[in-house]
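An overview of the molecular structure
In case you want the letters, here they are:
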Amino acid sequence: MAQFHVIAGANDTSAYPEVRKISVADVFAALRQGFDDFWEKPSHYVFLCLIYPVAGLVLARWSSGANALPILFPLMSGFALIGPFAALGLYEISRRRELGLDTSWQHALEVRRSPAMPSIFAVGVLLFAIFIVWLLTAQALYVSLFGPAAPESISAFLNQVFNTSEGWRMIILGNAIGFVFSVVVLCTTVVTFPLLLDRDVGALAAIVTSIKSVLANPIPMILWGLIVAALLFVGFLTLFVGLAIFIPVLGHATWHLYRKVVAPLPSAEVQNLAKPRVRR
């Protein structure tokens, strides 16, 4: 019978990997390595050129009836909250390239065979819960300022947001609250998913290691968070088309950032990583 473990690792103990100090230069090096992974076979990501523009059009069309307009921006910005989980396949491709294995796009699905999949799923559920709380918080903020009635039209909504004191209060408070949510996700997941793909340490150890990584490297991690936010913002401004490049690059770069922050396993254990990924 398969062993199901979530909080602890494969040995039912929480082993905490060593966290290293990195520099700002390491952050930019991780970005360059992420771009190299992307550029090796950019045809892997052609489908993203369709998915993200279509997703943007669907969101715009869905919210055009005005009822959902107040949560359109929280929905789009909330992508950053669930992005670390959505990029699992990208981490796997970078992992395989690092090991000299085949990096064909179908291998992105190899994550489903990871023995740490229960832990990965558990952290993914946590991220989704944070995303839902963010949407509810954004909706509550809008209602507290403008009341429960939906805006009559897109133009009326834009007028509310940019031409009233309540609108500017919503912009300031909304971004401040969103910043708090982003910091929580950055601290708890910046290396969590790559670590779980690399080693079956358990969800608790992975999250604690991620928090330690941020505490040990505050300036590089703040820079990393700002880079992610800036690229995602540019991607949204281009009607999601820019995300076809930014998301793969950021996903691959996250793997390389993890490699720089978390100390490697002993050589004997590293050799086991090249073995087939099977769940026990």
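See the structure shown above.
The structure contained in this document is the topic of the report that follows. Because the structure is predicted, anything quoted here is derived from the model rather than measured.

**Considering the overall build of the protein**
The helix and strand inventory of the protein stands at 13 helices and zero strands. Walking the protein from its N terminus toward its C terminus, one meets helices and strands in the order α-α-α-α-α-α-α-α-α-α-α-α-α. Restricting the contact set of the protein to residue pairs at least 6 apart, pairs at least 24 apart contribute 77%. Accessible surface for the protein amounts to roughly 14100 Å². Of this, 71% is attributable to carbon and sulfur atoms.

**A word on the nonpolar core**
Here is a general trend for soluble globular proteins: nonpolar side chains tend to be buried in one another's company. Core analysis: the largest hydrophobic core is formed by 45 residues, its most contacted members being Ile-120, Trp-224 and Leu-257. Sorting the residues of this core by element identifies α1 (24-40), α5 (88-98), α6 (117-146), α8 (165-189), α9 (192-198), α10 (203-216), α11 (218-237) and α12 (243-261) as the ones contributing at least two each. Among the elements that take part in this core, α6 stands out by supplying eight residues, more than any other. Discounting chain neighbours no more than four positions away, the residues touching Trp-224 are Val-27, Leu-31, Leu-186, Val-190, Leu-250, Ala-253, Thr-254 and Leu-257. Counting eight residues, the second largest nonpolar core, distinct from the first, contains Leu-141, Tyr-142, Phe-146 and Phe-157.

**Here we look at the packing of α8 against α10**
Axis separation between α8 and α10 bottoms out at 6 Å; the angle between their running directions is 110°. One element, α8, and the other, α10, form an angle in the roughly perpendicular class. For the pair α8 and α10, contact is made by Leu-186, Cys-187, Thr-188 and Thr-189 and by Ile-207, Ser-210, Ile-211 and Val-214, respectively. The residue inventory of the contact of α8 with α10, partitioned by class, reads five nonpolar, three polar and no charged.

**What about the side chain of Arg-95?**
You can see Arg-95 is positioned in helix α5. Its relative accessible area of 2% is what places Arg-95 among the buried residues. A polar contact of 3.0 Å, which involves the side chain of Arg-95, links it to the side chain of Glu-92.

**Quick notes on the packing of aromatic side chains**
If you walk through the whole model with that rule in mind, you get ten aromatic pairs. Each ring, one from Phe-162 and one from Trp-168, has its centre 6.2 Å from the other, and the planes form 75°; the classification is edge-to-face.

**Examining the environment of Met-170**
Of note, Met-170 is situated in helix α8. Classification of Met-170 as buried rests on a relative accessible area of 14%. Not counting residues up to four positions away in its chain, the partners in contact with Met-170 are Leu-141, Tyr-142, Leu-145, Phe-146, Val-161 and Asn-175.

Rules used in this analysis
Residue numbers here run from 1 along each chain, matching the order of that chain's written sequence. Where totals are concerned, whole chains, interfaces and linings use all residues; where local detail is concerned, this predicted model gives features only for residues with pLDDT of at least 70, and gives and counts side-chain atom pairs only at 80 or more. Note that water and hydrogens are dropped before the side-chain values are worked out from all heavy atoms of the structure. The way it works is that DSSP assigns letters per residue, a run of H or I at least four long becomes a helix, a run of E at least two long becomes a strand, and they are numbered from the N terminus. Note on definitions: a residue-residue contact is assigned when non-hydrogen atoms from the two residues lie within 4.5 Å. Working definition of accessibility: Shrake-Rupley area with a 1.4 Å probe, residue cover restricted to the visible protein chains. The definition of a nonpolar core used throughout is a set of buried Ala, Val, Leu, Ile, Met, Phe, Trp, Tyr and Cys residues joined through side-chain atoms within 4.5 Å. Partly exposed residues are those whose accessible area sits between 20% and 50% of the maximum for their type, while under 20% is buried and over 50% is exposed, using a 1.4 Å probe and protein chains only. Every angle, taken between N-to-C directions, lies between 0 and 180 degrees, and every axis is a line fitted to C-alpha atoms, over only the stretch in contact when it is a helix. Note that the term roughly parallel is reserved for angles under 35 degrees, roughly antiparallel for angles over 145, roughly perpendicular for angles of 65 to 115, and oblique for everything else. Gly is put with the polar residues, along with every residue not named as nonpolar or charged; the nonpolar set is Ala, Val, Leu, Ile, Met, Phe, Trp, Tyr, Cys and Pro, and the charged set is Asp, Glu, Lys and Arg. Polar contact is defined as a pair of N or O atoms within 3.5 Å, subject to the rule that within protein one atom must be able to donate a hydrogen and the other to accept it, and that residues adjacent in sequence are counted only when both atoms are side-chain atoms. Within 6.5 Å between ring centres, the rings of Phe, Tyr and Trp (the latter by its six-membered ring) count as paired, and their orientation is classed by plane angle as stacked under 30 degrees, edge-to-face over 60, tilted in between.

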